[in-house]
Protein chains: 2
Amino acid sequence: MITPGVLPVTPTSNIRISSHGVRAKCLQRLVRLGLPVPDTLAIDMHTILGISEGQPIDTDAVIAHFGEDALVSVRPSSGAPEWGGPTSILNIGMTSARHAKLSHELGPKAADALYTRFLQSYAVQVARLDPDLFGPDRTIDEMRAAYDDAMGEPFPEDPAVQLAAVLSSMSLAWNGVTARLLRQARGAPEDAGLALVVQRMVLGVGNPHRGESGSGVIQFVSSETGVPQITGRYMRQSQGREALIPDADALYLISDPRGPSMEEENPDILDQLKHYGQLCRTRLREEMQIEFTVSHGELHTLDALRVVRTSRAALRIAVDLATDGVIPEAEAVLRVPPKALLDVLHRQVDPQARGEVVVTGIPASPGAATGRIVFSARAAQSAKAREESVILIRRETTSGDVLGMHASAAILTERGGVTSHAAVIARGLGLPCVVGAAGVTIDSRARRIRLPDGRELGEGDEITVDGSTGRVFAGAVPLVQPEPDASFRTILAWADERRDIGVRANCDTPAEAAVAAGFEAEGIGLCRTEHMFFDKARLTVMREMIFADDPADRAAALKQLLPVQRSDFLEIFRIMAGKPVTIRLLDPPLHEFLPHDRQGKLDLAASLDLPMARVEARIEALSEVNPMLGLRGVRLGILVPEIYEMQARAIFEAAIGSAPRVTPEVMIPLVSSRREVEIVKARIEAVAAQVRTESGIEFDYRLGVMVETPRAALRADEIAEYASFLSFGTNDLTQMTYGLSRDDAGRFMSAYVAEGVFPEDPFLQLDVDGVGELLTMGANRARAARRDVTLSICGEHGGDPDSIAFCRHAGFDYVSCSPFRVPVARMAAAHLAIRARGETTTAPPRR
Amino acid sequence: MITPGVLPVTPTSNIRISSHGVRAKCLQRLVRLGLPVPDTLAIDMHTILGISEGQPIDTDAVIAHFGEDALVSVRPSSGAPEWGGPTSILNIGMTSARHAKLSHELGPKAADALYTRFLQSYAVQVARLDPDLFGPDRTIDEMRAAYDDAMGEPFPEDPAVQLAAVLSSMSLAWNGVTARLLRQARGAPEDAGLALVVQRMVLGVGNPHRGESGSGVIQFVSSETGVPQITGRYMRQSQGREALIPDADALYLISDPRGPSMEEENPDILDQLKHYGQLCRTRLREEMQIEFTVSHGELHTLDALRVVRTSRAALRIAVDLATDGVIPEAEAVLRVPPKALLDVLHRQVDPQARGEVVVTGIPASPGAATGRIVFSARAAQSAKAREESVILIRRETTSGDVLGMHASAAILTERGGVTSHAAVIARGLGLPCVVGAAGVTIDSRARRIRLPDGRELGEGDEITVDGSTGRVFAGAVPLVQPEPDASFRTILAWADERRDIGVRANCDTPAEAAVAAGFEAEGIGLCRTEHMFFDKARLTVMREMIFADDPADRAAALKQLLPVQRSDFLEIFRIMAGKPVTIRLLDPPLHEFLPHDRQGKLDLAASLDLPMARVEARIEALSEVNPMLGLRGVRLGILVPEIYEMQARAIFEAAIGSAPRVTPEVMIPLVSSRREVEIVKARIEAVAAQVRTESGIEFDYRLGVMVETPRAALRADEIAEYASFLSFGTNDLTQMTYGLSRDDAGRFMSAYVAEGVFPEDPFLQLDVDGVGELLTMGANRARAARRDVTLSICGEHGGDPDSIAFCRHAGFDYVSCSPFRVPVARMAAAHLAIRARGETTTAPPRR
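Computed from a predicted structure; not experimentally measured. In every chain, residue numbers begin from 1 and rise along the written sequence. All chains are assigned letters beginning with A, and all ligands numbers beginning with 1, in the order in which they are written. In view of the model being predicted, local features appear only for residues whose pLDDT reaches at least 70, and side-chain atom pairs are presented and counted only at 80 or more, with totals across whole chains, interfaces and linings using the full set of residues. Processing note: side-chain calculations cover all non-hydrogen atoms of the structure and skip hydrogens and water entirely.

Peer 1: Would you mind showing me how to read the overall build of chain A here?
Peer 2: Each helix and strand counted, chain A has 32 helices and 31 strands in total. Principal axes of the C-alpha set define a box for chain A whose edges measure 105 × 60 × 55 Å. For every residue, the accessible area (1.4 Å probe, protein chains only) is compared with the maximum for its type, and the residue is labelled buried under 20%, exposed over 50%, or partly exposed between those bounds. Out of the 847 residues belonging to chain A, those deemed buried represent 58%. Here, residues are in contact when the closest pair of their heavy atoms is within 4.5 Å. The contacts of chain A with a sequence gap of at least 6 include a subset with a gap of at least 24, amounting to 68%. Surface summary for chain A: the accessible area is close to 32,600 Å², and the carbon and sulfur share equals 51%. Lys and Arg are tallied as positive, Asp and Glu as negative. Neither His nor the chain termini are counted. One atom stands in for each charge, and that atom is NZ of Lys, CZ of Arg, CG of Asp or CD of Glu. Each charge class in chain A was averaged separately, 91 positive and 111 negative side chains, and the resulting centres sit 4 Å apart. A run of H or I in DSSP counts as a helix once it spans at least four residues, and a run of E counts as a strand once it spans at least two, with each numbered from the N terminus. For the accessible areas, the method is Shrake-Rupley and the probe is 1.4 Å, while residue cover comes only from the protein chains on display.

Spelled out as structure tokens, the structure:
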């Protein structure tokens with residue numbers, strides 16, 4: 001041992017990530033694999049911490065280890081690459097004497113370059129002097145004078161003194177408040193330490209007559225796609241990562257029409273690098289980027305880092321490693337974060353693009369889209385007819401906007417949070433959506449939006465909405481459209497083999513069902529039927545029904561809706577090809593189907609041939625103070641039986657007409673008491689009996705309940721006696737458990753989370769303590785009453801990995817989520833199952 | 001024994017209510033007391049049931065018991081007087097021979113009268129013939145011929161046959177479907193049986209030369225007031241209750257200027273009756289009405305019934321019986337149904353009055369009032385200034401109507417249920433209120449209301465609202481105003497000595513506090529502060545606060561509200577004289593303080609000197625989709641800290657200025673998580689510290705939480721760590737547990753209850769299964785975390801006896817209810833405690 005806490009990096013030295021950081025550990029692995037790593041010392045975290053507390057180390061001994069003539073580099077080695085760390089410093093040990101010697105050996109130009117680089121980094125990073133005084137135009141003498149002038153002492157000529165100052169400066173920087181906060185924000189623990197790596201410099205500069213010299217980096221897959229390909233640059237007479245500087249006079253690594261390449265000019269070096277890359281891949285079980293230096297024709301590997309990668313590349317790399325037998329399939333699954341699958345599916349703003357961000361809101365549905373602004377659902381539909389791409393801007397959206405949302409490329413709302421109507425529907429449709437756009441004011445009548453900076457945009461102006469980050473850009477911004485490739489299906493197939501909880505999708509339309517089927521959802525867990533009534537022709541009939549004076553007129557209106565509803569179901573059954581489909585009976589209050597603006601009311605009066613006063617009176621009579629807690633769901637089903645009877649008939653007639661035959665699941669919404677289920681169940685059974693008699697065809701169906709009220713969860717035992725499945729609607733359940741409307745919470749939720757009142761937005765992340773207890777209680781009680789009851793959740797939480805973990809733990813049969821989140825859910829479920837079973841995770845590297 | 005199942009009523013016979021009914025048992029008691037009861041047989045329920053199943057009894061033996069010459073009556077004797085039963089039949093045994101004999105003994109007129117009455121009742125009630133054929137104008141021969149004609153056989157001449165037919169007809173009638181449903185609706189069990197009493201007739205008619213003859217009824221207290229006074233009538237030459245027929249030629253019992261009296265004409269008989277009355281009172285421990293007959297100068301007591309009484313009389317009678325030592329005080333308490341105390345307090349429509357009911361709604365707050373119609377709170381206030389009595393009619397009320405409600409004599413709303421805003425406030429104010437008036441249409445702009453029959457009423461038209469029954473009358477209807485007398489205070493004092501759960505009142509104003517203090521509430525359990533801001537001057541400042549651009553402006557506006565708020569509290573503390581007062585910090589969303597009509601907005605813009613657009617934008621920005629679940633309660637308190645800080649200061653400054661000193665209780669509304677309490681608590685503690693420093697006065701206060709969200713109940717343990725009391729707001733808790741808005745539920749709740757979906761309106765009767773479980777869970781968890789936490793409920797349920805029972809069982813410290821319900825709650829709590837301790841209830845009568 002050189003000095004306490006300093007350890008030579010050898011195959012057998014006791015390097016651990018916990019004490020020496022990932023870089024030191026990685027270097028040790030390279031050494032073990034026989035890569036030509038220059039002589040390296042690791043200084044452990046405890047020792048570095050000690051420096052900041054005034055316990056310096058014996059740098060004389062360190063310098064002695066490398067020899068008087070050596071130059072060394074110091075690089076950070078923390079617990080994880082993303083925690084950051086001080087910038088590396090090269091060429092420590094440069095003194096006037098050494099400079100003179102190198103001028104002789106390598107030529108004055110090379111020696112000057114080494115010395116100026118060291119002077120510059122030392123002055124700026126260690127002595128914290130003004131960078132302008134140490135610009136590239138300065139000579140060595142000028143720099144030394146500037147140093148002397150500013151510091152009141154000459155530039156240190158003792159390598160040990162230089163090293164001590166470097167170590168001390170890095171130690172202090174790491175323990176400063178700013179760095180601490182920054183790395184904690186990136187997930188580092190409070191006591192995360194810094195280790196340092198001191199490595200003998202191999203100089204990539206020098207007299208070319210003594211052989212090739214230079215430096216570069218290489219990796220063997222694309223960071224963008226993960227496809228195998230050699231990428232990197234090499235530059236003669238360079239150090240560090242200089243070859244990557246744009247416009248540098250660098251070589252390509254493999255033959256390239258754009259310029260000279262190492263493959264042509266120095267194929268031996270390239271062959272060695274390929275060999276080392278393959279060694280890293282198979283033995284470190286990872287795609288690595290190697291930093292190398294060629295000195296006088298000889299290759300040295302200074303460092304290797306895990307290749308930086310997009311989600312798409314991560315997926316491809318994991319699949320390839322497992323396919324090649326380098327890692328087990330289960331580990332490949334674990335290596336892909338579930339949410340990474342979303343990135344693979346949605347268009348994104350090109351990371352290279354520089355657009356002007358005009359407003360930022362809450363990212364509510366990922367992906368990006370460009371289009372012209374419209375301010376009404378109607379305008380969106382007209383634009384769609386003209387095949388224009390439009391962005392629908394609304395203060396907030398309602399059911400009446402859904403068709404307009406369908407017609408839009410993206411949605412932007414002034415209000416709302418991640419579970420507002422706009423957000424939920426947009427996620428269902430896979431549309432980019434930004435909600436709660438802070439500081440904009442929308443004037444729908446004037447069709448203008450005022451931006452926070454005071455500017456205004458009007459209908460037809462072009463913007464780009466980035467639902468992944470919440471940014472809204474002026475004009476069109478370049479987008480990139482990732483294509484899920486074969487590895488997407490492969491990794492999900494591996495995930496499916498391992499997961500032990502089902503994944504269904506929430507789909508309201510055949511288009512959504514097609515997406516769900518494409519993502520191999522195991523069925524539909526929630527098919528909301530209300531959106532089916534917003535088509536113009538249907539809406540008119542729906543309104544006739546609402547204005548009907550007696551049950552007979554109501555039934556007549558509903559009879560017109562029966563065939564269209566039946567064909568909706570038939571189409572969905574066809575797409576799902578025999579997989580289970582859970583259809584929720586009509587849920588929203590009737591007033592959602594009525595117009596609220598004067599023109600709409602006039603049109604309605606004309607179409608129903610009723611006096612305007614009558615129309616207004618009816619709309620007024622149906623209006624509610626708290627629609628969320630009003631006459632909707634099963635309450636409507638009980639008081640206006642004809643609606644559910646029509647829907648049940650449509651479901652059953654579609655079921656007997658479907659091929660392959662499906663066993664439809666009929667779900668009753670907003671239940672709060674056993675008797676509601678009992679009553680509706682009896683009526684639906686009667687409809688089933690009628691359909692059987694009329695058709696002469698036997699069929700099965702299942703009847704279940706959507707548990708959305710706290711009371712339904714509390715009374716799940718008696719409700720389960722009448723329900724063969726219970727699906728927990730965690731959106732509404734969260735609203736009622738907290739007494740918090742998701743439509744109104746957006747306005748203050750961010751402040752609430754920022755002040756730490758709520759640890760997280762409970763609409764985004766399942767509230768395990770409160771809502772979770774109701775879920776567990778409901779599940780346990782239901783199972784106790786009926787052993788074979790099917791349990792699931794179908795709220796927005798269904799696609800959230802933490803919520804899936806909760807449901808799996810609570811013994812739920814499946815989760816149901818937006819179709820675009822089905823891959824995420826499948827992946828998250830697989831992670832849970834693999835971890836629970838303790839299947840191979842990161843195995844220790846083979847020596 | 002005469003025949004199986006038939007028992008002579010003697011002091012020692014085995015008569016039980018369960019087998020022989022209350023009438024038979026009462027007659028036995030009269031016999032035991034030595035009252036001159038004619039010879040009586042009781043036929044038990046089992047035997048009567050047998051008759052309907054075809055097992056006739058030996059009526060020859062029964063007739064033989066009374067002797068060939070006797071006439072008998074048959075009267076029903078069921079388990080409780082209110083269960084009804086067949087009409088009594090008198091003079092059974094009348095035959096041609098007996099008629100001839102009686103003509104000789106009593107004179108033909110008297111004998112004819114007896115015979116025709118028997119013929120008539122037998123034909124109509126037993127043979128079920130057309131009553132028109134047996135009218136009073138018919139002769140005996142005509143009636144016999146009509147009977148023969150209709151039945152195809154002569155009128156029975158055998159007393160035993162007559163009796164058998166009577167018994168059989170009564171048995172069948174009792175077991176018919178109609179009678180069964182009717183008595184079950186009155187609380188009878190499904191298998192309630194009928195016993196019958198056969199009694200020898202003592203004829204009140206006959207030759208006056210053989211001595212005085214006649215019949216009558218007497219009681220010794222007023223049925224209206226319970227005040228001791230002899231009431232009743234006596235008629236010579238009459239039978240049964242003929243003396244009570246209006247315009248009958250009857251005698252008053254005691255000297256009366258309106259006509260002749262028994263006291264003057266036959267004082268001996270009256271003395272005997274007084275003696276028997278006193279005997280009944282002391283030995284049957286009840287005020288009885290005695291039915292008597294005088295035959296040839298001799299008194300016979302045929303029957304005695306518990307005196308029919310109003311709630312007021314019931315109270316007085318119970319107090320008098322206990323004061324006289326006839327019954328224990330605890331029993332007097334039990335004899336007064338808690339809700340009867342409400343009747344004593346509210347004006348009622350004179351039961352004799354015949355008004356025209358123009359519409360019927362849900363009775364939401366008891367009492368009755370007459371006034372002229374107004375359609376706005378402002379009009380109500382103007383009318384009050386003119387000292388006019390007005391009825392405020394609204395579609396539904398909001399906080400902005402409260403001052404107008406204060407100014408009104410009664411409230412009528414088109415919408416809402418028993419826990420709508422109108423209902424809750426009206427009960428708090430003790431105002432009669434009818435809500436959910438079915439079928440009316442209100443046109444507030446035209447100031448007209450259209451009635452279900454198509455008629456219209458306009459502003460200024462007079463109506464009478466009866467909040468006890470839900471009836472609305474056209475014009476003024478005579479009202480009666482009961483005065484609570486000394487017995488009211490006496491019985492409540494006895495109740496208080498026995499009850500073991502506290503009773504506080506929900507009071508928002510000094511006026512309400514005065515009512516609560518008058519009813520001896522033990523404190524204020526809920527003082528809502530929002531109503532304090534609707535006074536015009538305060539409202540303006542409140543609106544300035546809402547429109548303030550920054551915290552400093554907001555604080556400045558709030559500073560203006562501080563002194564008025566402080567004086568509100570001072571006045572309430574003064575009235576409550578040291579009793580605890582729980583003040584709830586501001587709860588409603590801010591938009592409730594803003595105008596919603598155009599004129600109001602214009603006025604506001606003018607008074608704040610702001611452009612109309614700015615006012616409209618702010619109102620729009622604050623509007624909410626589901627205000628019930630929006631930015632209100634503690635959420636507002638956290639995001640706009642100045643409001644709670646001002647309120648806390650006002651409370652503390654009032655507390656140190658009050659004499660006697662009070663320990664105020666500060667309550668945080670709408671809590672759903674621990675952290676909310678922690679944050680607000682810290683801020684309020686800081687205010688308390690400031691006030692202590694500024695004033696140099698030490699004071700105590702308690703900080704607690706209103707548990708209104710299911711989540712607060714679930715997390716009561718961690719919340720209790722920061723709260724010294726938890727008060728369950730069962731209104732909101734019910735809304736959230738069911739997902740049911742009380743403002744919107746009125747529209748369908750009656751249908752829901754009628755169809756048996758909910759056994760009862762959960763806003764009216766605490767839902768023990770669902771909401772109750774949350775209460776119990778919350779209480780247990782809170783107690784486990786903090787042994788000395790004070791637990792209470794302060795919702796509308798606080799005044800409901802069943803809910804009080806629930807709270808007492810769950811170990812709550814007190815209930816808090818509308819001030820006018822405080823007496824009911826005190827009484828109900830006493831009932832529970834007495835029953836739980838098994839204190840003397842209905843002791844067996846002394847022999």
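Once you've had a look at it, read on.
Peer 1: I would appreciate a short explanation of helix α22 (residues 612-622) of chain B in the present structure.
Peer 2: Side chains three or four residues apart in an α-helix point the same way, a direct result of the helix having 3.6 residues per turn. Buried within α22(B) are the following residues: B:Met612, B:Val615, B:Ile619 and B:Leu622. Each buried residue of α22(B) lies within a common arc of 105° when the element is viewed along its axis, so the set occupies one face. Looking at the buried positions of α22(B), the neighbouring elements they touch are α29 (742-754) of chain A together with α19 (536-547) and α21 (598-608) of chain B. Note: the arc covers the axis-to-C-beta directions of the helix.

Peer 1: What is the right way to look at the side chain of B:Arg415 in this model?
Peer 2: Locating B:Arg415 in the fold gives a position in the loop between β16 (410-413) and α16 (421-429). Of the polar contacts made by the side chain of B:Arg415, one reaches the backbone oxygen of A:Ser623; its length is 3.4 Å. When residues no more than four places from it in sequence are discounted, the contact partners of B:Arg415 are A:Glu620, A:Ala621, A:Ser623, B:Arg395, B:Glu396, B:Val435, B:Gly436 and B:Arg747. Polar contact is defined as a pair of N or O atoms within 3.5 Å, subject to the rule that within protein one atom must be able to donate a hydrogen and the other to accept it, and that residues adjacent in sequence are counted only when both atoms are side-chain atoms.

Peer 1: Honestly, unusual backbone geometry in this entry has me stumped. Any pointers?
Peer 2: Among all residues save glycine, negative phi is the norm, and among peptide bonds the norm is trans. The peptide bond linking A:Ala659 to A:Pro660 adopts the cis configuration, its omega dihedral lying at -5°. With respect to the element layout, A:Pro660 can be found in the loop between α24 (641-657) and β27 (665-668). Look at A:Asp609: it is not a glycine, yet its phi comes out positive at around 55°. Positionally, A:Asp609 belongs in the loop between α21 (598-608) and α22 (612-622). One non-glycine residue, B:Gln237, lies in positive phi territory at about 55°. By the element assignment, B:Gln237 lies in the loop between β7 (228-236) and β8 (251-252). Exposure remark for B:Gln237: the relative accessible area of 32% places this residue in the partly exposed category.

Peer 1: Is there a simple way to explain the state of the cysteines in this structure?
Peer 2: A covalent bond between the sulfur atoms of two cysteines is what we call a disulfide. A pair of cysteine sulfur atoms is labelled a disulfide when the two atoms are within 2.5 Å. Scanning the model with the defined rule gives zero disulfides over all chains in all. Cysteine A:Cys527 remains unbridged, with the sulfur of A:Cys507 as its closest cysteine sulfur at 7.6 Å. No disulfide involves B:Cys433; its sulfur sits 17 Å from that of B:Cys817, the nearest cysteine.

Peer 1: What exactly am I supposed to notice about the pattern of salt bridges here?
Peer 2: The salt bridge criterion pairs a side-chain nitrogen of Lys or Arg with a carboxyl oxygen of Asp or Glu, the two atoms within 4 Å. Counted under the stated rule, the structure contains 125 salt bridges over all chains. Two residues, A:Glu287 and A:Arg281, come together in a salt bridge whose shortest N-O distance is 2.6 Å. For the residue pair A:Glu287 and A:Arg281, the accessibility class agrees, reading buried in each case. The salt bridge involving B:Asp549 is made with B:Arg614; its shortest N-O contact spans 3.3 Å. With B:Asp549 in the loop between α19 and α20 (551-576) and B:Arg614 in helix α22, this pair connects stretches of sequence that are 65 residues apart. The class for B:Arg614 is partly exposed, based on a relative accessible area of 28%.

Peer 1: Got a minute to help me understand the relation of the copies chain B and chain A in this structure?
Peer 2: Between the two copies of the chain lies a relationship made up of a rotation around an axis and a movement along it. Once turned by 179° and shifted 0.2 Å along the axis, chain B lies on chain A with an RMSD of 0.4 Å. Look at the turn and shift together and you get a two-fold axis relating the two. If distances are taken from each C-alpha of chain B to the rotation axis, the shortest is found for B:Asn626, at 2.1 Å. A shared binding surface is used by both copies, with 100% of the interface residues of chain B retained as interface residues in chain A. All copies are superposed by least squares; the fitting set is the C-alpha atoms of residues with a pLDDT of at least 70 in both.

Peer 1: Whenever I open this one, the packing of α24(A) against helix α25 (residues 674-695) of chain A confuses me. Can you help?
Peer 2: The description of two packed helices rests on the angle between their axes and on the distance between the axes. All names here are of chain A. Relative to each other, α24 and α25 sit at 40°, their axes nearing to 9 Å. Between α24 and α25, the crossing angle belongs to the class labelled oblique. Classified by chirality, the crossing of α25 by α24 is right-handed. Of the residues in α25, those in contact with Pro641, Tyr644, Glu645, Ala648, Arg649, Phe652, Glu653 and Ile656 of α24 are Val680, Arg683, Ile684, Val687, Ala688, Gln690, Val691, Glu694 and Ser695. Among the residues forming the contact of α24 with α25, the class breakdown is 10 nonpolar, two polar and five charged. Whenever a helix is involved, its axis is fitted only over the stretch in contact; in every case the axis is a line through C-alpha atoms, and angles between N-to-C directions fall within 0 to 180 degrees. Working rule for angles: under 35 degrees goes down as roughly parallel, over 145 as roughly antiparallel, 65 to 115 as roughly perpendicular, anything else as oblique. Handedness of each helix crossing follows the sense of rotation of the near helix against the far helix: counterclockwise by less than a right angle gives left-handed, clockwise gives right-handed. Just so you know the grouping, Ala, Val, Leu, Ile, Met, Phe, Trp, Tyr, Cys and Pro go in nonpolar, Asp, Glu, Lys and Arg go in charged, and all remaining residues, Gly too, go in polar.

Peer 1: How should the nonpolar core be read in this particular structure?
Peer 2: One recurring pattern in soluble globular proteins: nonpolar side chains tend to sit buried together. Ranked by internal contacts, the top residues of the largest apolar core, which has 289 residues, are A:Ile491, A:Phe652, A:Leu726, B:Ile491, B:Phe652 and B:Leu726. Excluding anything up to four places from it in sequence, A:Phe652 contacts A:Val666, A:Ile684, A:Val687, A:Ala688, A:Val691, A:Phe699 and A:Tyr701. For this analysis, a nonpolar core means a set of buried residues of the types Ala, Val, Leu, Ile, Met, Phe, Trp, Tyr and Cys, connected via side-chain atoms within 4.5 Å.

Peer 1: Even after reading the chapter, I still don't get the interface of chain B and chain A, so can you show me in this structure?
Peer 2: At the interface, 53 residues of chain B touch 53 residues of chain A. Summing the contributions of chain B and of chain A, the shared interface buries around 4,700 Å²; its carbon and sulfur component is 53%. Connecting chain B to chain A are 10 salt bridges. A salt bridge links B:Arg715 to A:Asp769, with the nearest nitrogen and oxygen atoms 3.7 Å apart. Those elements that place two or more of their residues in the side of chain B that touches chain A are α22, α23 (634-639), α25 (674-695), α26 (710-714), α28 (730-738), α29 (742-754) and α30 (771-785) of chain B. With six residues, the single largest contributor to the side of chain B that touches chain A is α29(B). Tallied by class, residues from the side of chain B that touches chain A come to 23 nonpolar, 11 polar and 19 charged. Two parts lose some accessible area (1.4 Å probe) when they are put together, and adding that loss for both gives the buried area.

Peer 1: Would you mind going over the sheet that holds strand β20 (residues 456-458) of chain A with me for this structure?
Peer 2: The strands that make up a sheet pair up through hydrogen bonds in the backbone, lying either parallel or antiparallel. Residue and element names in this part refer to chain A. Pairing between two strands is assigned when DSSP locates at least 2 bridges connecting them. The strand order β18-β19-β20 describes an open sheet built from three strands, whose pairing is antiparallel. The sheet is open, and its two edges are formed by β18 (441-443) and β20, each paired on a single side. For this sheet, the mean inter-axis angle between neighbouring strands, taken without regard to orientation, is 20°.

Peer 1: Is there a simple way to explain the sheet that holds strand β19 (residues 448-450) of chain B in this structure?
Peer 2: Residues and elements named next belong to chain B. Taken together, three strands build an open sheet; the order of strands is β18-β19-β20 and the sheet is antiparallel. Edge strands, defined here as strands with exactly one partner in the open sheet, are β18 (441-443) and β20 (456-458). Each strand of the sheet is rotated relative to its neighbour by a mean of 20°, with strand direction disregarded. Pairing analysis gives three bridges linking β19 to β20, with the strands arranged antiparallel. If you follow isoleucine 449 over to β20, its bridge partner there is leucine 457.

Peer 1: Just to check I follow, could you spell out the UniProt feature "binding site: Mg(2+)" (unreviewed entry) in chain A for this structure?
Peer 2: Residue and element names in this part refer to chain A. UniProt positions are given in the numbering used here, feature names are shortened, and annotations may be inferred rather than shown by experiment. As annotated in UniProt, the feature "binding site: Mg(2+)" (unreviewed entry) corresponds to Glu708 and Asp732 in the numbering used here. For the annotated residues, spread through 25 residues, the largest C-alpha to C-alpha distance comes to 5.3 Å, consistent with a single compact locus. Position of glutamate 708 among the secondary structure elements: in the loop between β28 (702-707) and α26 (710-714). Glutamate 708 has contacts with Arg584, Arg632, Pro669, Leu670, Gly729, Asp732, Leu733 and Met736, leaving out every residue within four places of it along the chain. Here leucine 670 takes part through its backbone nitrogen, which lies 2.5 Å from a polar atom of the side chain of glutamate 708. Its location among the elements puts aspartate 732 in helix α28 (residues 730-738). Ignoring sequence-local partners within four residues, the contact set of aspartate 732 consists of Met628, Arg632, Leu670 and Glu708.

Peer 1: What is the right way to look at the domain arrangement of chain A in this model?
Peer 2: Residues and elements named next belong to chain A. Source of the domain bounds: an automatic or database domain assignment. Along its sequence, chain A is carved into domain 1 (6-200), domain 2 (208-306), domain 3 (346-480), domain 4 (499-589 + 624-837) and domain 5 (590-623). Taking only C-alpha atoms into account, the centre of domain 4 sits 29 Å from that of domain 5. Between domain 4 and domain 5, the residue contacts involve 19 residues of the former and 15 residues of the latter. Across the interface of domain 4 and domain 5, roughly 1,600 Å² is buried in total on both sides, 71% from carbon and sulfur atoms. Sorting the residues of domain 4 by area buried against domain 5 places Arg543, Ile546 and Phe547 first, and these three jointly supply 46% of that buried surface. In this structure, the connection of domain 4 to domain 5 is made through one salt bridge. Linking domain 4 with domain 5 are six residue pairs in polar contact (both at pLDDT 80 or more), by the criterion used here. Sort the elements by how many residues they give to the side of domain 4 that touches domain 5 and helix α19 (residues 536-547) lands first, with eight residues.

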